[in-house]
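# Structural overview for review
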Amino acid sequence: MKLGAQLYSVADRVKTPEDLRATLKALKAQGYVNAQFSGVPDMGADVWAEISRETGMPIVCTHMPYDRIVNDTEALIEEHKKYGCSVIGLGGMPNECRGTLAGLEKFLAEMKEPVKKICAAGMHFSYHNHWFEFEPFSDAEGCAYDVMLERCPDWFFLIDVAWAQFGKRSAAEYIRKIGKDRIMNVHFKDYTNPDNWNSLVPCGQGLVPFEEIIEACLEVGVENALVEQDTAPATGDSIGQMAESAAYLLPLLK
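Everything in this summary refers to the structure shown in the same document. (Residues numbered from 1 in each chain as written. Predicted model: local features only at pLDDT ≥ 70, side-chain atom pairs only at ≥ 80, totals over all residues. Heavy atoms only, no water.)

### Quick word on the sheet that holds strand β10 (residues 224–227)
Backbone hydrogen bonds hold the strands of a sheet together, and the pairing may be parallel or antiparallel. Note the following rule: When DSSP finds two or more bridges between two strands, those strands count as paired. Elements are defined by DSSP. Helices are runs of H or I of four residues or more, strands are runs of E of two residues or more, and each kind is numbered from the N terminus. Throughout, an axis means a line fitted to C-alpha atoms (over the contacting stretch in the case of helices), and angles, computed between N-to-C directions, take values from 0 to 180 degrees. Whether two residues are in contact is decided by their heavy atoms, any of which lying within 4.5 Å being enough.
A barrel is described by the order of its strands in space; here eight strands give the closed sequence β1-β2-β3-β4-β5-β6-β7-β10, paired in parallel fashion. Across the sheet, the mean angle from the axis of one strand to that of its neighbour is 30°, orientation sign disregarded. Alignment of strand β3 (residues 59–63) against strand β4 (residues 87–90), held across two bridges, turns out to be parallel. Residue pairing across strands places histidine 63 opposite glycine 89, the latter belonging to β4. Against the sheet, helix α5 (residues 101–120) touches β4 and β5 (124–128), its axis set at about 145° to β5.

Structure, rendered in structure tokens:
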């Protein structure tokens, strides 16, 4: 399993192409070998593709706006072909679709045609969880994540291990439940307070049981562990926190 960087973790450092080039080089020096394009300025597919190749940091997945996935699918597919990236991801369903089975069914209906186009292009659609997908529906039994796993066999799932735990679920169990045919990437992050999401820390310094999660990842053949540190840019030392996470994780991945 390879260690990658979710670039949202260093969004404070990436404003221009020159910033992107320098940041990818710095992350590679820390031991990261690939990246996720998300939460940073869109400089154009050609620029991203060129800098990715130049720095030797391939883009293995993205998170794209819901509106673009639904209404601009063909253009997104062409952009991802330029990146050399086969995974088009969504960071979360719209707010109005959350919390009820009726809302989820609306979301699934809207996603049906875009996902069909993505799969027809030889790519994968990937859904990223937060905590709310594990909360019980207010209008039915069950929760959104389990329904998506059951009803969406052509979807991939990028499980965020800390959000799963914050939602009182075992990330390791869900990685095994998703299975090898529908999971390519995971998000690694850590936190210290089970009642306060704003307690994020570098990986290995909090409550997330990375050793059992990594064991599950290796069992099902997860390709990339992408470090995502949501609040790191606000600290003023986002690149330093990424270095701490890499120093902890790399020995576990060997």
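### Remarks on the layout of surface pockets
What counts is decided by this rule: As defined here, a cavity is a set of points on a 1 Å grid over the protein atoms alone where a 1.4 Å probe fits but cannot get out. A pocket is an open set with protein on both sides within 12 Å along at least five of seven lines, and residues line them when an atom is within 4 Å of a point. Grid points are joined across faces, edges and corners, and a volume is the space filled by probe spheres set on the points. Each residue gets one label: Ala, Val, Leu, Ile, Met, Phe, Trp, Tyr, Cys and Pro are nonpolar, Asp, Glu, Lys and Arg are charged, and the others, such as Gly, are polar.
As a volume, the largest pocket reaches approximately 220 Å³. Taken together, 13 residues line the largest pocket, and the ones lying closest to its centre are Ser38, Gly39, His63, Met64 and Pro65. By residue class, the composition of the lining of the largest pocket is six nonpolar, five polar and two charged.

### Notes on empty space enclosed by the protein
One pass over the full model with this rule turns up one cavity of 30 Å³ or more. In this structure, the largest cavity spans a volume of roughly 30 Å³. Residue lining of the largest cavity: Met93, Arg98, Gly99, Phe132, Glu133, Glu135, Phe137 and Ala144, and that is the complete set. For the lining of the largest cavity, the residue count by class is four nonpolar, one polar and three charged.

### Things to note about the packing of helix α1 (residues 17–30) against helix α10 (residues 238–253)
Going by this rule: The scheme is simple: roughly parallel for angles under 35 degrees, roughly antiparallel for over 145, roughly perpendicular for 65 to 115, oblique for anything else. Helix crossings are classified by the rotation of the near helix relative to the far one: an anticlockwise turn of less than a right angle makes the crossing left-handed, while a clockwise turn makes it right-handed.
Remark: α1 packs on α10, axes separated minimally by 9 Å, with the N-to-C direction vectors making an angle of 30°. With respect to α10, the element α1 is oriented roughly parallel. Classified by chirality, the crossing of α10 by α1 is right-handed. Along the contact surface, α1 presents Ala26, Leu27 and Gln30, while α10 presents Ile239, Met242, Ala243, Ala246 and Leu250. In the contact of α1 with α10, the residues fall into seven nonpolar, one polar and no charged.

### Comments concerning helix α9 (residues 210–220)
Note on helix geometry: an α-helix contains 3.6 residues per turn, so any two residues three or four positions apart are oriented the same way. Inclusion rule: Residue burial is assigned from relative accessible area. The probe radius is 1.4 Å, only protein chains are included, and a residue is buried under 20% of its type maximum, exposed over 50%, and partly exposed in between. Note: the arc covers the axis-to-C-beta directions of the helix.
Those residues of α9 that fall on the buried side of the exposure criterion are Phe210, Ile213, Ile214, Ala216, Cys217 and Val220. Viewed end-on, α9 has its buried residues packed into an arc of 160°, placing them on one side of the element. Residues Glu211 and Glu219 are exposed on α9 and point more than 90 degrees away from its buried face. Of the surrounding elements, those touching the buried residues of α9 are α7 (161–166), α8 (171–178), β7 (185–188), β8 (190–191) and α10. Glycine 221, located one to two residues past α9, shows a positive phi value of around 85°.

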